[in-house]
Amino acid sequence: MNTTPSSTLHFTSTTTSDGIAERTFTLGEISGVLWSPESATDGAPLLLMGHGGGLHQYAPGLVSGARRAVAGDGSGDGSGDGFTVAAIDAPGHGDRPRSDQDQRQVDATRRTRAAGERALVLGGGGSAGNAWLIGVTAGLFDAGLDVTEADLIIGTSAGSTAAAQITSATSAELLANILAAAPQPRTAPVGSDGGRVPIRPAANHMEKSTAVIGAAEDAADMRRRMGAWALETDAASHSSAQTQWRAIVAARLPSQRWPQRRMLITAVDAHTGEPVVFDRHSGVDLVDAVAASCASGFAYSIGDSRYIDGGYRRNENADLAAGYARVLVLSPFGGRSRHPLDWGMHLATQIDELRARGSRVETIFPDSNSRDAFGINVMDPSTRPPAARTGYDQGRALVEQLTEFWH
């Protein structure tokens, strides 16, 4: 063992309460705490505990968890066959020295935490996904949990339509409208939230977009290629498609005004491939922001700029909720992505990023009944009523599990 001064363990204090000994120590520049039964003998298993970003070795949740682990039998008196528990401050946290980079990260975490408590993330998922999102929020509400009152709502593609809808009408009203809508034959391809738009067939779009993903070097390159393809192939029909698509989106929104609460709508600049986030301060009409976020397969114009579907950034864009204490993600695609894992576009990566900055995250994915309702083509408007019904059932079933988390 290396016993140079920088790696020598020094115990600096010892206190005892309820049969549990608590000893602080230093190991070089690292400070930590060791909890053990007061009458501990050699050979007890050692449990190492960590804390979330921005916290420290004496974070309340960590201390209570450590003492329970030491107690072992749950009595709290240290007499059970429990663990010896050690916790140290992570780099840049607690009593450890901070570099300039560490301090910037701590400051950023504190700033974003001040922004709000609860964030609701609504991912993309086509016509079926939009209806499922409405169904889930309606089911949760009917069972006693209103997640639409979140401090922040993030909408992507079909989720952007849902975000605009639930901030201007009740989920119950929206669900009733879906279930009451008369079935209509599909006479034209549909956009990513279910409205018909005279653009290339969905099968051709899927085939081409898969080819673009396969040829791209990384996510940024993929977005540039998607934008270039959209600009190139919709030139002839752009004017008529733009007018029709805007009218379709406008008709789906109960209100065309941005809500006062914070809402983010994602898109991608078709010319540069750069991600874009619209909010009520962007100087963009809500209808245009949603139409751009849902522009799957063509480039939507806002002023002199053109935009493609926000799902080309990430299907959920949950990482935009960084700093919020609790983040609830509704993902019609179940967190999956067609992109390579190392591009960092899967929901699991976004959740890791959020948790690293101290957020608690819960997810809702379609269950087997909902997946059956989606069918093989989530763009088919005929899937909307069954997807909404199964989403409603899911919401009602999950309310007990989510109530403590949300409140």
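Please read all numbers here as calculations on a predicted model, not as lab measurements.

J.: Explain the overall build of the protein here, please?
T.: For the protein, the count of helices and strands is 12 helices and 13 strands. Out of the 407 residues belonging to the protein, those deemed buried represent 53%. Contacts in the protein between residues far apart in sequence, at least 24 positions, make up 71% of those at least 6 positions apart. For the protein, the computed accessible surface area is about 18,500 Å², with 51% contributed by carbon and sulfur atoms.

J.: In this structure, what is going on with the sheet that holds strand β5 (residues 84-88)? I would like to understand it.
T.: Strand pairing in a sheet takes place through backbone hydrogen bonds and is either antiparallel or parallel in direction. Pairing in this open sheet of 5 strands is mixed, and the strands run β1-β2-β3-β5-β4 from one edge to the other. In the strand order of this sheet, the two ends are held by β1 (9-17) and β4 (46-49), each with one partner. Each strand of the sheet is rotated relative to its neighbour by a mean of 20 degrees, with strand direction disregarded. In terms of strand pairing, strand β3 (residues 30-37) meets β5 through 4 bridges, oriented antiparallel. Looking at β5, one finds that Trp35 is bridged to Val85.

J.: Before we go on, may I ask you to explain the confidence of the model for the protein in this structure?
T.: When pLDDT is low, close inspection of the predicted coordinates is not appropriate. Looking at the protein as a whole, its pLDDT mean stands at 85, while 81% of the residues score no less than 70. The model gives residues 186-192 a pLDDT under 50, and that stretch makes 29 contacts with residues more than four places away or in other chains.

J.: Help me out: how do you make sense of the environment of Cys294 in this one?
T.: Among the structural elements, Cys294 can be located in the loop between α9 (286-293) and β10 (300-302). Cys294 gets classed as buried once you look at its relative accessible area, which sits at 0%. Note: C-alpha distance between Cys294 and Trp245 (49 residues apart in sequence) is 9.6 Å.

J.: Just checking my understanding: could you explain the side chain of Arg326 for this structure?
T.: Structurally, Arg326 can be placed in strand β12 (residues 326-330). Reaching out from Arg326, the side chain makes a polar contact with the backbone oxygen of Trp406 at a distance of 2.4 Å. Discounting residues that sit within four places of it in the chain, Arg326 has contacts with Glu117, Arg118, Ala119, Arg360, Phe405, Trp406 and His407.

J.: Hey, could you run me through empty space enclosed by the protein in this one?
T.: Using a probe with the size of a water molecule, rolled over the atoms, empty space left in the structure can be pinpointed. All told, the structure shown has 1 cavity of 30 Å³ or more when counted by the stated rule. Considered as a void within the structure, the largest cavity measures approximately 30 Å³ in volume. With 3 residues, helix α7 (residues 219-233) is the single largest residue contributor to the lining of the largest cavity. In terms of residue class, the lining of the largest cavity is made up of 7 nonpolar, 1 polar and no charged.

J.: Whenever I open this one, the side chain of Asn317 confuses me. Can you help?
T.: For Asn317, the location among the structural elements is in the loop between β11 (305-309) and β12. Note on Asn317: relative accessible area 0%, which makes it buried. A polar atom in the side chain of Asn317 sits 2.8 Å from the side chain of Thr156. Apart from the residues within four sequence positions on either side, Asn317 is in contact with Ile154, Thr156, Thr266, Gly310 and Gln350.

J.: How do you make sense of a nonpolar patch on the surface when you look at a structure like this?
T.: Together, Leu9, Phe11 and Leu27 line one region of the surface with nonpolar side chains, adding up to about 250 Å² of accessible area. Note that Phe11 resides in strand β1.

J.: Is there a simple way to think about the packing of helix α3 (residues 126-142) against helix α4 (residues 158-166) in this case?
T.: It is the contact of α3 with α4, at a shortest axis distance of 8 Å, that shows an interaxial angle of 35 degrees. In this structure, the crossing between α3 and α4 has a hand that is right-handed. Between α3, through Gly126, Asn130, Leu133, Ile134 and Thr137, and α4, the contact on the second element is made entirely by Ala158, Gly159, Thr161, Ala162, Gln165 and Ile166. Tallied by class, residues from the contact of α3 with α4 come to 5 nonpolar, 6 polar and no charged.

J.: Explain the pattern of salt bridges here, please?
T.: Think of it this way: side chains of opposite charge can pair up when their charged atoms draw near. According to the stated counting rule, one finds 11 salt bridges in the structure shown. Of the charged contacts, one joins Arg261 and Glu149 as a salt bridge, the two residues approaching to 3.8 Å between their closest N and O atoms. With Arg261 in the loop between α8 (238-252) and β8 (262-269) and Glu149 in the loop between α3 and β7 (152-155), this residue pair connects regions lying 112 residues apart in the sequence. Given the relative accessible area of 24%, Arg261 is considered partly exposed. Among the salt bridges present, the one from Arg246 reaches Asp288, with a minimum N-O distance of 2.8 Å. You can see Arg246 sitting in helix α8 and its partner Asp288 sitting in helix α9, a full 42 residues away along the chain. For Asp288, a relative accessible area of 11% corresponds to the buried category. In the salt-bridge network here, residues are joined through shared partners; they are Arg313, Arg314, Asp319 and Glu353.

J.: What's the story with the packing of aromatic side chains in this structure? I'm lost.
T.: Evaluation of the coordinates by the stated rule reveals 5 aromatic pairs. With a centroid separation of 6.4 Å and an interplanar angle of 45 degrees, the aromatic rings of Phe405 and Trp406 are classed as tilted. Comparing Phe405 with Trp406 shows no difference in burial state: the two are buried.

J.: Just checking my understanding: could you explain α3 for this structure?
T.: What sets the pattern is the α-helix's 3.6 residues per turn: residues three or four places apart point alike. Relative to the 24 Å expected for 17 residues at 1.5 Å per residue, α3 spans 25 Å between its end C-alpha atoms, a close match to the ideal helical length. Here α3 lies mainly inside the structure; 15 of its 17 residues are buried.

J.: I keep staring at the packing of α3 against helix α12 (residues 384-406) and nothing clicks. Help me out?
T.: When two helices pack together, their arrangement is given by the angle between the helix axes and by the axis-to-axis distance. Where α3 meets α12, the closest approach of the two axes is 6 Å, and the angle between their N-to-C directions is 40 degrees. Note on packing geometry: the crossing formed by α3 with α12 is right-handed. On the side of α3, the interface is formed by Ser127, Ala128, Asn130, Ala131, Trp132, Gly135, Val136, Ala138, Gly139, Leu140 and Asp142, while α12 contributes Arg384, Ala387, Ala388, Thr390, Gly391, Tyr392, Gln394, Gly395, Arg396, Leu398, Val399 and Leu402. Grouping the constituent residues of the contact of α3 with α12 by class yields 12 nonpolar, 8 polar and 3 charged.

Conventions used here
- Residues numbered from 1 in each chain as written.
- Predicted model: local features only at pLDDT ≥ 70, side-chain atom pairs only at ≥ 80, totals over all residues.
- Heavy atoms only, no water.
- Helix = DSSP H or I, 4+ residues; strand = E, 2+ residues; numbered from the N terminus.
- Buried < 20%, exposed > 50% of the residue type's maximum accessible area, 1.4 Å probe, protein only.
- Contact = heavy atoms within 4.5 Å.
- Areas by Shrake-Rupley, 256 points an atom, 1.4 Å probe, with all protein chains shown as cover.
- Pairing = 2+ DSSP bridges.
- Axes fitted to C-alpha atoms, helices over the stretch in contact; angles between N-to-C directions.
- pLDDT = per-residue confidence, 0-100.
- Polar contact = N/O pair within 3.5 Å; in protein donor to acceptor, adjacent residues only side chain to side chain.
- 1 Å grid on protein atoms, 1.4 Å probe; cavity = no way out; pocket = protein on both sides within 12 Å on 5 of 7 lines; lining within 4 Å.
- Points joined across faces, edges and corners; volume = space filled by probe spheres on them.
- Nonpolar A, V, L, I, M, F, W, Y, C, P; charged D, E, K, R; others polar.
- Patch = residues over 30% accessible without salt bridge, like charges linked within 9 Å, V, L, I, M, F, W, Y side chains within 5 Å.
- Salt bridge = Lys/Arg side-chain N within 4 Å of Asp/Glu carboxyl O.
- Left-handed = near helix turned anticlockwise from the far one by under 90°.
- Phe/Tyr/Trp six-rings, centres within 6.5 Å; stacked < 30°, edge-to-face > 60°.
- Expected span 1.5 Å × (residues − 1).

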